[in-house]
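Topology and contacts: notes
Here are the chains, one letter per residue:
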Amino acid sequence: MDVRTLCLAVLYQGQASGYEIKKAFQEGAFSHFQDASFGSIYPALGRLSAEGLVECTQMAQEKRPDKKVYKLTQQGQDALITSLLAPPAPDKFTSDFFFVLYFADLMPVPQVINLLEQRISFYKETIERMTKCDPAALPSGRRLCHGLGLTVYKNSLSYLEENKERFIAELREQDSSNRSRTEINLKQIETNRHLS
């Protein structure tokens with residue numbers, strides 16, 4: 001989804017500053033499936049404002065520069081709906097966890113164990129937080145997203161818990177000389193980091 005549509009979507013839920021829009025992708029509901037940077041949000045807001053899709057108001061702040069707050073116009077709402085009617089692009093799954101795990105055979109086993117335990121804890125905490133949320137009060141689309149997201153997290157947790165020990169045992173069985181070389185390289189990297 002392009003950043004223009006992402007900004008319109010956040011503003012559909014109420015007026016917001018650029019910083020508040022960014023927070024919606026860091027901490028809000030969108031953080032689970034979209035991302036947007038300040039470097040892309042502010043230019044998009046400028047274009048949306050020039051096109052009349054959002055209105056910008058300067059709000060005075062004590063001992064700080066004025067804050068720009070953006071509000072969706074009717075034209076902006078129409079543009080959002082038009083964007084939502086287009087078929088979505090295929091999902092692209094990006095994950096630092098998956099990327100690091102892909103190279104688990106290059107890492108010391110204790111590091112991999114720690115990585116897996118941290119991810120299992122993350123899934124448990126997220127599932128607990130999502131379970132406390134009452135989706136009945138949400139509009140139907142958000143309720144469906146909540147249920148689907150909760151299912152993904154539960155299945156991911158289940159898969160890791162069921163396969164963690166087997167995976168670690170496989171890592172331990174791999175060629176110890178390759179692992180020893182990797183561990184020596186990691187120690188050298190850490191030593192160089194402390195020296196610089």
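Note on numbering: residues in each chain are counted from 1, in written sequence order. A pLDDT threshold of at least 70 governs which residues receive local features in this predicted model, and a stricter bar of 80 or more applies before side-chain atom pairs are shown or counted, although totals over entire chains, interfaces and linings include all residues. Where side-chain values are given, they derive from all heavy atoms of the structure, hydrogens and water being excluded.

**Overview of the packing of helix H2 (residues 18-26) against helix H3 (residues 38-50)**
Relative placement of two packed helices is described by the angle separating their axes and the distance separating the axes. The following threshold applies: The axes used here are C-alpha line fits, helices contributing only the stretch in contact, and every angle between their N-to-C directions lies in the interval 0 to 180 degrees. Helix and strand assignments follow DSSP, with helices taken as H or I runs no shorter than four residues and strands as E runs no shorter than two, numbered in order from the N terminus. Each angle is binned into one of four classes, with values under 35 degrees roughly parallel, values over 145 roughly antiparallel, values of 65 to 115 roughly perpendicular, and all other values oblique. Two helices that cross are described as forming a left-handed crossing if the nearer one is turned anticlockwise from the farther one by less than a right angle, and a right-handed crossing if clockwise. Here, residues are in contact when the closest pair of their heavy atoms is within 4.5 Å.
Relative orientation of the contacting elements H2 and H3 amounts to 130°, with a least axis distance of 10 Å. Overall, the two elements H2 and H3 adopt an arrangement that is oblique. Handedness of the H2/H3 crossing: right-handed. In this structure, H2 contributes Gly-18, Tyr-19, Ile-21 and Lys-22 to the contact, and H3 contributes Phe-38, Ile-41, Tyr-42 and Leu-45.

**Quick notes on the packing of helix H6 (residues 109-132) against helix H7 (residues 140-173)**
Worth spelling out the cut-off: Note on residue classes: Ala, Val, Leu, Ile, Met, Phe, Trp, Tyr, Cys and Pro are nonpolar, Asp, Glu, Lys and Arg are charged, and everything else, Gly too, is polar.
With their axes 10 Å apart at the nearest point, H6 and H7 run at an angle of 160° to one another. Between H6 and H7, the angle falls in the class roughly antiparallel. Read as a crossing pair, H6 and H7 show a hand that is left-handed. Counted by class, the contact of H6 with H7 contains 16 nonpolar, 5 polar and 7 charged residues.

**A look at the pairing of strand E3 (residues 64-72)**
Residues in a regular strand project their side chains so that they alternate between the two faces of the sheet. Our working rule: Two strands are counted as paired when DSSP detects at least two bridges linking them.
Where strand E1 (residues 16-17) and E3 come together, 2 bridges link them in antiparallel fashion. Within E3, the position partnered with Ser-17 by the bridge is Val-69. With 7 bridges joining them, strand E2 (residues 54-61) and E3 adopt antiparallel strand pairing. When the sheet's bridge partners are listed, Thr-57 is paired in E3 with Val-69. Two successive antiparallel strands, E2 and E3, enclose a turn made up of 2 residues, where Lys-63 displays a positive phi of approximately 60°.

**Here's the deal with the pattern of salt bridges**
Worth spelling out the cut-off: Think of a salt bridge as a Lys or Arg side-chain nitrogen and an Asp or Glu carboxyl oxygen that are within 4 Å of each other.
The full count for this structure, using the stated rule, is 7 salt bridges. Ionic pairing is found between Lys-67 and Glu-20, a salt bridge with its closest N-O pair at 3.8 Å. Placement of Lys-67 in strand E3 and of Glu-20 in helix H2 is noted, with a sequence separation of 47 residues between them. Between Lys-132 and Glu-128 there is a salt bridge whose closest N-O contact spans 3.4 Å. On the criterion of helical spacing, the pair formed by Lys-132 and Glu-128 is a turn pair, its members being 4 residues apart in helix H6.

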